[in-house]
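# Structural overview
Here are the chains, one letter per residue:
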Amino acid sequence: MTQKNDDIFKLRNLAIEKKEARENLSEDLSETKERLRPANLIQEAKDKALDRVQKTGESALQGVKDNPGKVASVAAAATLLALRKPITNYFTNRRADNDGAKTNDAEE
């Protein structure tokens, strides 16, 4: 009779484990469905992108703090590159004005 009771006890435990496994699977499935909703995926992607941008910005800021001379040189070069046409036009117009003034002085 003891063997029969042990078998019944084992079957009861297996039934309990089966029920718990189903409940866990159901919870996992619900969590997975919620996580895979498009709105949640989009929000997660936004959050990760924001974190990366913040880390990159912090890293860039630290680089600027560590190398202020190099940053100033690069900024100056970029400014001159961006303003090359207006600077060229300024000096060209200035020469033309000076040449015109010399011609007017010579005529008088």
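For every chain, the first residue of the written sequence is number 1, and numbering continues from 1 along that sequence. Totals for whole chains, interfaces and linings use all residues, but because this is a predicted model, local features are given only for residues with pLDDT of at least 70 and pairs of side-chain atoms are given and counted only at 80 or more. For side-chain calculations, the full set of non-hydrogen atoms in the structure is used, while hydrogens and water are omitted.

## Structural notes on the overall build of the protein chain
Tallying secondary structure elements over the protein chain gives 4 helices and 0 strands in all. Beginning at the N terminus, the succession of helices and strands in the protein chain can be written as α-α-α-α. Looking at the protein chain residue by residue over its 108 residues, the buried ones come to 0%. Only the protein chains shown count as covering a residue, and every accessible area follows the Shrake-Rupley method with a 1.4 Å probe. When the accessible surface of the protein chain is totalled, it reaches about 10,100 Å², and 57% of it is carbon and sulfur. Going along the chain from the N terminus, every DSSP run of H or I of four or more residues is numbered as a helix, and every run of E of two or more is numbered as a strand. Relative accessibility under 20% of the residue-type maximum defines a buried residue, over 50% an exposed one, and the middle range a partly exposed one, all with a 1.4 Å probe and only protein chains included.

## Considering the confidence of the model for the protein chain
As a per-residue measure, pLDDT tells how confident the predictor is, with possible values from 0 to 100. Taken over all residues, the pLDDT of the protein chain has a mean of 88, while the share at 70 or more is 89%. Between the elements of the protein chain, mean pLDDT differs from a low of 74, seen in helix H4 (residues 84–107), to a high of 94, seen in helix H2 (residues 38–66).

## What about a nonpolar patch on the surface?
There is a patch of nonpolar side chains on the surface, built from Leu80, Leu83, Ile87, Tyr90 and Phe91 and spanning about 480 Å² of accessible area. Broken down by element, the nonpolar patch gets its largest block of residues, 3 residues, from H4. By secondary structure assignment, the location of Tyr90 is in helix H4. Patch definition: residues above 30% relative accessible area lacking any salt bridge, with like charges linked at up to 9 Å and the nonpolar side chains Val, Leu, Ile, Met, Phe, Trp and Tyr linked at up to 5 Å. Definition used for salt bridges: Asp or Glu carboxyl oxygen within 4 Å of a side-chain nitrogen of Lys or Arg.

## Quick word on the pattern of salt bridges
The tally for this structure, following the rule as stated, stands at 3 salt bridges. Linking Arg37 and Glu34 is a salt bridge whose minimum nitrogen-to-oxygen distance equals 2.7 Å. Its relative accessible area of 39% is what places Arg37 among the partly exposed residues. Two residues, Lys48 and Glu44, come together in a salt bridge whose shortest N-O distance is 3.5 Å. Highlighted residues: Lys48 and Glu44, both in helix H2, separated by 4 residues, approximately one helical turn. Linked through salt bridges whose partners overlap, the residues forming this network are Arg35, Glu44 and Lys48.

## Focus on the packing of aromatic side chains
For this analysis, a ring pair means two rings from Phe, Tyr or Trp (six-membered ring only for Trp) whose centres lie within 6.5 Å, classed as stacked if their planes differ by under 30 degrees, edge-to-face if by over 60, and tilted for the remaining angles. Following the criterion strictly, the structure yields 1 aromatic pair and no others. Taking 5.3 Å as the distance between ring centres and 75° as the angle between the ring planes, the aromatic pair formed by Tyr90 and Phe91 counts as edge-to-face.

## Description of a negative patch on the surface
By the counting scheme adopted, Arg and Lys are positive, Glu and Asp are negative, and His together with the chain ends is not counted. Taken as the charge location is NZ of Lys, CZ of Arg, CG of Asp or CD of Glu. A grouping of Glu17, Glu20, Glu23, Glu27, Asp28 and Glu31 is seen on the molecular surface, where their side chains present a negatively charged patch. Inspection of the secondary structure assignment puts Glu17 in helix H1 (residues 2–35).

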